[in-house]
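Overview (structure and organization)
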Amino acid sequence: MLLDDRTLVFIAGNLLVLLQVHTKEQRYLRSCSGEGIGAITAHPSNEYFVIAEKGNQPLILVYEYPSLRLYHILRGGTEQVYSSVDFNLDGSILASVGGAPDYMLTLWDWRHEEVMLRCKASSQEVYRVRFSPHNPELLTSSGTGHVKFWTISPTFTGLKLQGVMGYFGETSATDVEGFVELPDRKVVTGTEWGNLLLWDREAIKVEICRIERQSCHVGTAQPFSLEDGQLMTFGSDGVIRGWDIEKINMADTHSGRLEMEPINELVVGHNVCLSSVVRSPLPNSFIWFAQDSNGAIWKLDLSFTNTTPDPECLFTFHAGSVHGLDVCKTSHLMATTAPDRSVKVFDFLAKKQLTTSCFNQSGTTISWAPPWVKASSGLLGFEDGVVRLLELYRPQSLYAVSRSSCEEDGKLRLKQAFKPHSESVTALAYERNGEILATGRQEDILRLQALKEEKKKKAKELLTLIDAKQEEDGEEEEEKEEELPPIYIPDPPSPLYCGFYSEPDHFWLSMGGFDSGYLYHCKFSENQDEEPEKRKDEPFHFLPIHNADNDPICSITFSSSRELLLCGMHSGSIRVYPLQTGDLSLTSMQSYWVLSLHDNQNGQLYHIRCSHDDLFVLTAGDDGNIFSFTRRPPEELQSSLQRKAAMIPSPSVGLESKSLVLDIEDPAAYRTPLSMVMEPLVKEEEEEEELKHLLPEITDIVQVYPEVAGLVHWATYPVTSSTHVCRCPPPPLTDLKFYSSPFFPPECFPSFEERDELDELLAIMPPEALEPVPVPKKRKHEKDKGTYVKKPPNAFMLFLKSERKTVQEELGIKNSAAVNRVLSERWKSLAEDKRQIFQAEAQVEAHIHALNNPGWSNKVNYGTKSKKARTKAPRLPPPSY
């Protein structure tokens, strides 16, 4: 919702976020119950707003705006959760509707904190309740498979709330998420199949579709406003349409269907799924803000004029749950991946998103490389079994060499792609020294479950044999001991959520389901060569966790000093346990403090990390929210930090000249052999070693010709790592050391746009470097024959000339082969009408060429092949007999 023209309000887990649209500054209000927020609404005057919470006997909280002071508390409206709240036209009455189990509709005199009327709204889930904007005595509610029309009627005993359920009749029942009430008491609702339904009280008057029975929208359709004689609707197809409301009111009811075309249309985007729109509170404003379920917030101008600007994307975020989160081990950077097939990198120190990359498959897990692993990179696992190695770098360093600009603060480059598994990659981990990478797959989980099923079967057989043996013995003891209950083995087996090492070969595990509420201390079997079915991998100790029987631990991380244990819970909250130094058995894991963050029902906290300096805690849950918290007050935090933004690595040495890495795009591709996985890494190490061997020679050249030193760009990095590569001016000759590697940017040699720079370069070059380059024999022959005339460019060459600079800026490289490959693919997929433009231009170039070079042909350039003179051999005399 919008509180004013610049403050956008939305729910994020247990927080209400007040976002300044222009400055992107955020303020927060936390749920008082700590169990989540169900619904919000604003007062018609925008002087107040309401937060309806979740939990046992949830509260309705009324706040003043902009002071954010708590004004009123309403109690007793529902048992567990509020699903919708709304004010009437003058703001004197507040309507609320609850979720399961009561689905209670309540009208409040909110200023006196009193209940006016109350009634059960439905026996199914209710999504919305709204007062009529034209009649204060009418309300409408909708939800799963129903719509209901309410009237506040005066009776002898006072006001009464009466409701009539809508009857779908021959029309298929549908979930109703949005509706608009018309001035004549009719109501227009949306459907799941994209059409609109016009209701006249409890019956459907007509179904609205497009001509030839095409649906109004592809997917779901929702009406949201009545503006200037237009019924405004949006759909999951990313389109907003306006329909003639007069034609809808005059629809013929005999046919039961009205076919019409929209009078206005705005396509927000082709990969957009609109779920909610709100209007700017400014008077006579055409500005609306729309929420995109695919991960964006849009600013729309619905004036539908010739000067209407295009939709503007204000913010982007992940769509759906977050499947992977990890932090950089040396900087305040965080990377995430989600089922929307995107990978995002954030600077949580500057509170901004750096870059986004999209792939053909959904990401499943992510791991940031340790500092001692070469190149600043992150590993990502995908659902098709592919592992991709990505390098994050600061693109300004490359653009500074090419004298162009770049708006992005960071950029991701695919460094390597290989496919170790045929199923989804579920886990990635580096060995402690960074030399070994371990990957987990979906097959391993299925195999583990199969092993558990086999052990469960064997355990049942053993119990059956024991019972049979006891029956055969049949000897009664004088004093019978109390029999122990039979061993219960859950079916299916309890899930494994997370684990961590306590010491070599010993580890703790957290489980869910029947086995939740404990941490299990385990150790690996002594005989690792034994078959997995025969190993006795059983816990030797367990630790009960307070109040975790229905709220198991889903993720665990430690502070760098291991004095704090941070747990992400199934309920979306964080628990922090102080630990004693060296406490491997977790005996000091007793007291804790808890903070509710993510949604309590849908925000399972599977990802929690501490920053490299322990100043920040990062979390990501299944509710799609990503939170960053500081462990110190703001004044102490500013004194501890030396920077206001994270340090982004510079590009690796020679990145400009490297060709694009081929990605694995086919989900059915075969698994990559290990030798092919290691080949690019070995080749890169050999190139770096060769560069180090060339260093003394380049240093000697710089000493002999100091004027060339300005052309050498030095990339300085530590001996043991190339994680932090930073570009700097060339150091003095006396400061050159073996850990400084120079490189010549390729852009310095192929061409110069200005002739003066080329003359300066030639002036400082040594004489031996100016010797003529040998010309191929063929070209010598051509030069001797005459002047070489270039042939006119064809349509493809004109397309290359037009688009080359754009593609070079997009890729951030100047490599001709890589750019040509991309341009060739774009030419193949170019629309026919655009291709005809270049073909027409090529015909003009050919005509001009023919006028300037009459009688020219390719034979002029390459010459004609001289024929060898042939003479006939003399006729031999006839043989004599």
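What you are looking at is a predicted structure, and each value in this text was computed from that prediction instead of being measured.

A look at the side chain of Asn 600
Here Asn 600 is to be found in the loop between strand E46 (593-596) and strand E47 (607-610). In terms of polar contacts, Asn 600 uses its side chain to reach the backbone amide nitrogen of Gly 36, at 3.4 Å. Non-local contacts of Asn 600, meaning those with residues more than four positions away in its chain, are made with Asn 14, Gly 34, Glu 35, Gly 36, His 570 and Ser 571.

Section: the nonpolar core
Counting residues in each nonpolar core, the largest one holds 20 residues, and the members touching the most others are Leu 333, Val 345, Trp 368, Leu 390 and Leu 392. A per-element tally of this core places strand E36 (residues 411-418) first, with three residues. Residues in contact with Val 345, not counting those within four places in the same chain, are Met 334, Ala 335, Gln 353, Leu 354, Thr 355, Trp 368, Leu 392 and Leu 412. Core analysis: the second largest hydrophobic core is formed by 17 residues, Trp 508, Ala 548, Met 569 and Tyr 577 among them.

Some details on helix H8 (residues 795-811)
Along its 17 residues, H8 runs 23 Å from first to last C-alpha, staying within 8% of the 24 Å computed at 1.5 Å per residue. Along H8, the largest kink reaches about 45 degrees and is centred on Glu 803. Among all positions of H8, only Ala 795, Leu 798, Phe 799, Leu 800, Val 807 and Gln 808 are buried. Next to the buried residues of H8 lie helix H9 (816-828) and helix H10 (832-852). Where H8 begins, the side chain of Asn 794 points an oxygen toward the backbone nitrogen of Phe 796, at a separation of 3.3 Å. Gly 812, located one to two residues past H8, shows a positive phi value of around 75 degrees.

Quick notes on the sheet that holds strand E2 (residues 15-20)
Across the sheet, three strands lie side by side as E1-E2-E3; this open sheet has antiparallel pairing. The strands lining the two open edges of the sheet, one partner per strand, are strand E1 (7-12) and strand E3 (26-30). Ignoring which end each strand starts from, the neighbouring axes of this sheet average 20 degrees apart. In the sheet, E2 pairs with E3 via five bridges, with the strands oriented antiparallel. Within the sheet, the bridge partner assigned to Leu 15 lies in E3 and is Arg 30.

Details of H10
A rise of 1.5 Å per residue sets the reference length of H10, with its 21 residues, at 30 Å; its end C-alpha atoms lie 30 Å apart and thus fit the reference within 8%. Turning to H10, the residues buried within the fold contact H8 and H9.

Digging into the pattern of salt bridges
Applying the stated criterion to the full structure yields twelve salt bridges. Among the salt bridges present, the one from Glu 64 reaches Arg 69, with a minimum N-O distance of 2.7 Å. Glu 64 sits in the buried class, given a relative accessible area of 18%. A salt bridge links Arg 388 to Asp 663, with the shortest nitrogen-to-oxygen separation between them at 2.9 Å. One end of the pair, Arg 388, is in strand E35 (residues 387-393); the other, Asp 663, is in the loop between helix H4 (634-640) and helix H5 (674-704), with 275 residues separating them in the sequence. Classification of Asp 663 as partly exposed rests on a relative accessible area of 27%. If you follow the salt bridges from partner to partner, you end up with Asp 237, Arg 241 and Glu 265 in one network.

So, the packing of aromatic side chains
By the definition in use, this model includes 23 aromatic pairs. Here the aromatic residues Tyr 48, Tyr 71, Phe 87 and Trp 110 are joined through ring pairs into a cluster of three or more. For Arg 128, the ring lying beneath its charged end belongs to Phe 179, and the centroid distance is 5.1 Å. Sitting over the face of the ring of Phe 540, Lys 523 holds its NZ or CZ atom 5.9 Å from the ring centroid.

Notes on the environment of Pro 183
With respect to the element layout, Pro 183 can be found in the loop between strand E16 (179-181) and strand E17 (187-190). When the C-alpha atoms of Pro 183 and Ser 132 are compared, they prove to be 8.8 Å apart, with 51 residues separating the residues in sequence. With residues near it in sequence (within four places) discarded, Pro 183 still touches His 134 and Leu 226.

Details of the pairing of strand E15 (residues 158-165)
One ladder, built from eight bridges, connects strand E14 (residues 146-155) with E15; its direction is antiparallel. The residue bridging Lys 148 from the neighbouring strand is Met 165, located in E15. Counting the residues in the hairpin turn of E14 and E15 gives two residues.

A closer look at the sheet that holds strand E43 (residues 553-558)
On the basis of which strands lie adjacent, the open sheet formed by four strands has the order E43-E44-E45-E46 and antiparallel pairing. Only two strands of the sheet have a single partner each, and these edge strands are E43 and E46. Ignoring which end each strand starts from, the neighbouring axes of this sheet average 20 degrees apart. In the sheet, E43 pairs with strand E44 (residues 564-569) via five bridges, with the strands oriented antiparallel. Along E44, the bridge assignment pairs Thr 557 with Leu 566.

Some thoughts on the packing of H8 against H9
It is at 9 Å that the axes of H8 and H9 come closest, and there the two elements cross at 120 degrees. Here H8 is positioned oblique relative to H9, judged by the angle of their axes. For the element pair H8 and H9, the recorded crossing hand is right-handed. On H9, the residues touching Ala 795, Phe 796, Phe 799, Leu 800, Glu 803, Arg 804, Val 807, Gln 808, Glu 810 and Leu 811 of H8 are Val 819, Asn 820, Val 822, Leu 823, Ser 824, Arg 826 and Trp 827. In the contact of H8 with H9, the residues fall into ten nonpolar, three polar and four charged.

About the thresholds
- Residues numbered from 1 in each chain as written.
- Predicted model: local features only at pLDDT ≥ 70, side-chain atom pairs only at ≥ 80, totals over all residues.
- Heavy atoms only, no water.
- Helix = DSSP H or I, 4+ residues; strand = E, 2+ residues; numbered from the N terminus.
- Polar contact = N/O pair within 3.5 Å; in protein donor to acceptor, adjacent residues only side chain to side chain.
- Contact = heavy atoms within 4.5 Å.
- Core = buried A, V, L, I, M, F, W, Y, C linked by side-chain atoms within 4.5 Å.
- Buried < 20%, exposed > 50% of the residue type's maximum accessible area, 1.4 Å probe, protein only.
- Expected span 1.5 Å × (residues − 1).
- Bend = angle between axes of the 7 residues up to and from the residue.
- Pairing = 2+ DSSP bridges.
- Axes fitted to C-alpha atoms, helices over the stretch in contact; angles between N-to-C directions.
- Salt bridge = Lys/Arg side-chain N within 4 Å of Asp/Glu carboxyl O.
- Phe/Tyr/Trp six-rings, centres within 6.5 Å; stacked < 30°, edge-to-face > 60°.
- Lys NZ or Arg CZ within 6 Å of the ring centre and 35° of its normal.
- Parallel < 35°, antiparallel > 145°, perpendicular 65-115°, else oblique.
- Left-handed = near helix turned anticlockwise from the far one by under 90°.
- Nonpolar A, V, L, I, M, F, W, Y, C, P; charged D, E, K, R; others polar.

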